[in-house]
Amino acid sequence: MNRQNISRENYQIYVWFRKAAELGDAYAQFNLGLMYKKGEGIERDYGCAFKWLRQAALQGLAFAQNHLGALYYNGRGVEKSDPEAAYWFRHAADQGDASAQQNLGQMYRKGRGVEQDHEMALAWFYRAAEQSIASAQNLLAECYLNGHGATVNYPLAMAWFRKAAVQGEPQAQLNLGLMYKRGLGVEPSDAQALCWFRQAAAQGEPAAQRHLGVAYAEALGVRADALRAVAWLQRAGDQGDKDAQFHLGVILSGRQGVEQDEGRALGWYLRAAEQGHMLAQYNLGSMYANGRGVGRDEQRALEWYRRAADQGAANAQFNLGVVYANGYGVPRDDGVAAQWYMLAAEQGDASAQNNLGVMYANGQGVPRDDALAVRWYGQAAEQGHALAQYNLGGMYDSGRGVPRDTVRSYMWMLLAAEGGDETASASKSIVARSLSPAEIGSALDLTRQWQVRHAGSAPAAPRAG
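Residues numbered from 1 in each chain as written. Predicted model: local features only at pLDDT ≥ 70, side-chain atom pairs only at ≥ 80, totals over all residues. Heavy atoms only, no water.

### Quick look at the layout of surface pockets
Part 1: Space inside the largest pocket adds up to approximately 320 Å³.
Part 2: Every residue lining the largest pocket is counted, 16 residues in all, and those nearest its centre are Ala289, Tyr305, Val322, Val323 and Tyr328.
Part 3: Counting only elements with at least two residues in the lining of the largest pocket, the list comes to α16 (278-290), α17 (298-310) and α18 (314-326).
Part 4: Residues belonging to the lining of the largest pocket are distributed by class as follows: 10 nonpolar, 3 polar and 3 charged. (1 Å grid on protein atoms, 1.4 Å probe; cavity = no way out; pocket = protein on both sides within 12 Å on 5 of 7 lines; lining within 4 Å. Points joined across faces, edges and corners; volume = space filled by probe spheres on them. Helix = DSSP H or I, 4+ residues; strand = E, 2+ residues; numbered from the N terminus. Nonpolar A, V, L, I, M, F, W, Y, C, P; charged D, E, K, R; others polar.)

### Re the pattern of salt bridges
Part 1: Applying the stated criterion across every chain yields a total of 16 salt bridges.
Part 2: A salt bridge links arginine 18 to glutamate 22; its shortest N-O distance comes to 2.9 Å. With a gap of 4 residues between them, arginine 18 and glutamate 22 both fall in helix α1 (residues 3-22), about one helical turn apart.
Part 3: Across the salt bridge formed by arginine 228 and aspartate 225, the nearest N and O atoms sit 3.6 Å from each other.
Part 4: Residue classification places arginine 228 among the partly exposed positions, given a relative accessible area of 46%.
Part 5: Assessed through its relative accessible area of 25%, aspartate 225 is described here as partly exposed. (Salt bridge = Lys/Arg side-chain N within 4 Å of Asp/Glu carboxyl O. Buried < 20%, exposed > 50% of the residue type's maximum accessible area, 1.4 Å probe, protein only.)

### Here we look at the packing of helix α21 (residues 370-382) against helix α22 (residues 386-398)
Part 1: Between α21 and α22, the least distance of the axes is 8 Å, while the angle of their chain directions is 140°. The two elements α21 and α22 meet at a crossing, and its hand is left-handed. Where α21 approaches α22, its residues Asp370, Ala373, Val374, Tyr377, Gly378, Ala380 and Ala381 are matched on the opposing element by Ala388, Gln389, Asn391, Leu392 and Met395.
Part 2: Each residue belonging to the contact of α21 with α22 can be placed in one class, and the counts come to 8 nonpolar, 3 polar and 1 charged. (Axes fitted to C-alpha atoms, helices over the stretch in contact; angles between N-to-C directions. Left-handed = near helix turned anticlockwise from the far one by under 90°. Contact = heavy atoms within 4.5 Å.)

### Quick look at the side chain of histidine 67
Part 1: With respect to the secondary-structure elements, histidine 67 resides in helix α4 (residues 62-74).
Part 2: A distance of 2.9 Å separates a polar atom in the side chain of histidine 67 from a polar atom in the side chain of lysine 37.
Part 3: Every residue in contact with histidine 67, bar those within four places of it in the chain, is listed here: Phe30, Leu34, Lys37 and Leu53. (Polar contact = N/O pair within 3.5 Å; in protein donor to acceptor, adjacent residues only side chain to side chain.)

### Some points on the packing of aromatic side chains
Part 1: The final tally for this structure, using the stated rule, is 10 aromatic pairs.
Part 2: Ring centres 5.6 Å apart and planes at 85° place the aromatic pair phenylalanine 50 and tyrosine 72 in the edge-to-face group. Of this pair, phenylalanine 50 sits in helix α3 (residues 46-58) while tyrosine 72 sits in helix α4, and the two are 22 residues apart along the sequence.
Part 3: The exposure class assigned to phenylalanine 50 is buried, which follows from its relative accessible area of 14%.
Part 4: Look at tyrosine 72 and you get buried, because its relative accessible area is 9%.
Part 5: Taking 5.7 Å as the distance between ring centres and 40° as the angle between the ring planes, the aromatic pair formed by tyrosine 282 and tyrosine 305 counts as tilted. A residue pair is termed long-range when its members are at least 10 positions apart, and tyrosine 282 in helix α16 and tyrosine 305 in helix α17 qualify at 23 residues.
Part 6: The side chain of arginine 307 reaches across the aromatic face of tryptophan 304, ending 4.3 Å from its centre.
Part 7: The ring of tryptophan 376 is capped by arginine 375, whose NZ or CZ atom sits 4.5 Å from the centre of that ring. (Phe/Tyr/Trp six-rings, centres within 6.5 Å; stacked < 30°, edge-to-face > 60°. Lys NZ or Arg CZ within 6 Å of the ring centre and 35° of its normal.)

### As for the side chain of asparagine 66
Part 1: Looking at the secondary structure, you find asparagine 66 in helix α4.
Part 2: A distance of 2.9 Å separates a polar atom in the side chain of asparagine 66 from a polar atom in the side chain of asparagine 103.
Part 3: Excluding residues within four positions of it along the chain, asparagine 66 makes contact with Phe89, Ala92, Asp97, Ser99, Ala100 and Asn103.

### Things to note about the confidence of the model for the protein
Part 1: Chain-level statistics for the protein give a pLDDT mean of 93 and a share of 97% at 70 or above.
Part 2: With pLDDT under 50 throughout, residues 1-6 is counted as low confidence; its partners more than four residues away or in other chains account for 2 contacts. (pLDDT = per-residue confidence, 0-100.)

### Some remarks on unusual backbone geometry
Part 1: Phi angles above zero are rare outside glycine, and serine 132 is one such case at about 70°.
Part 2: As for its position among the elements, serine 132 is in the loop between α7 (118-129) and α8 (134-146).
Part 3: Positive phi is not limited to glycine here, since alanine 219 has a value of about 55°.
Part 4: Looking at where alanine 219 falls in the secondary structure, it is placed in the loop between α12 (206-218) and α13 (226-238).
Part 5: Look at alanine 219 and you get partly exposed, because its relative accessible area is 40%.

### Quick notes on empty space enclosed by the protein
Part 1: Following the criterion strictly, the structure yields 1 cavity of 30 Å³ or more and no others.
Part 2: Put simply, the largest cavity is a space of about 70 Å³.
Part 3: Together, Lys181, Asp190, Ala193, Leu194, Phe197, His211, Val214, Ala215 and Leu220 line the largest cavity.
Part 4: When residues of the lining of the largest cavity are traced back to their parent elements, those giving at least two are α11 (190-202) and α12.
Part 5: The greatest single-element share of the lining of the largest cavity, amounting to 4 residues, is contributed by α11.

### Observations regarding the environment of arginine 433
Part 1: With respect to the secondary-structure elements, arginine 433 resides in the loop between α24 (422-432) and α25 (437-453).
Part 2: Exposure remark for arginine 433: the relative accessible area of 71% places this residue in the exposed category.
Part 3: For arginine 433 and leucine 71, which are 362 residues apart along the polypeptide, the C-alpha to C-alpha distance reads 86 Å.

Here's what the structure looks like:
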């Protein structure tokens, strides 16, 4: 059958439905409305779709009521109205229309057109799920997973995700993979997670494509394959998945087995950063600050660091402190530097804690306060920050902010020297001259005790300030 014959046949169907619809046949009105809504055989016209679907809906036809609700929900052919959408969804749902039951559940879940009620949402999702609607089964499983409308129940979530997944529902396949990946209600299994991610990814689900790409990049349930990682991540990234775009930037920066391409990395970081991805914004700032993949640009570095910092990225807050403390691309401002260091320090950033200690010790940007200097040096020193350990040792040696204690000063100098601080290596010998053999023994005991308490903890890497 050629296209001309198909067009003639569609027009004949349209004429038949039109005649029957004008005589009041509800099914003909519904089918005619559907033709206008989908643009099948005739030019799409939401206004005409609304007219005929409404006539069929008023005659009690559930299919028409559900489609009419969708027109109100999306504002197509009629002014958008959530209460009207909920009204028609309910009429259809009460007649057992599974699609309308799911739609009404969504209205209750989101609080659109009705008061938000997670229990009612779950009840309607359940009715649709019992009719084997895969998307409703996935939504019902999400309710049990997140405790919306019922207590958290991982086995029930798994059961409903699986029912939807075997029907080919990509979102359920993704969710089932995440259950296996995170060990929620089941033994963690990267291999099982990969199986479900692969099925969802093949259907174009971007988050599944991203998880599949990460699995190939990090050898999670599969042998590492950087090229496949890039291929899957790029599919997700091209669909706008910002996490995939970020991971592509990381891989193309030369960190995971593919040829380094800083220019392409910059492009992917930029796409993710513009969508608000905090770590991409930080990495983009670093690339502009250091001239990697792009010409060095202090203003753009500042812009991206600030965006990441405003979202709470401690490393970006620290870098902003460094920028203002040294006047990189901005007028030097110790007060602003101290503010950024404080934000990062309060999140546990050891380098920021050390630099904030320096500012309190010297009265830079903040009033001089030796006790606060000791406090911040101490927090960084406990994280193994070698420079902070040296600075804290100096405070104990001079009795600033703490009672003078040369034994404890020597202890911190020893730890700093072992952490690679060259100044501490020289200074510890000077401190040791004022100590007796017994005092040196006590300092060594304190050092060993500290090391035992912190065994297995990676020392905080000092960063330039």
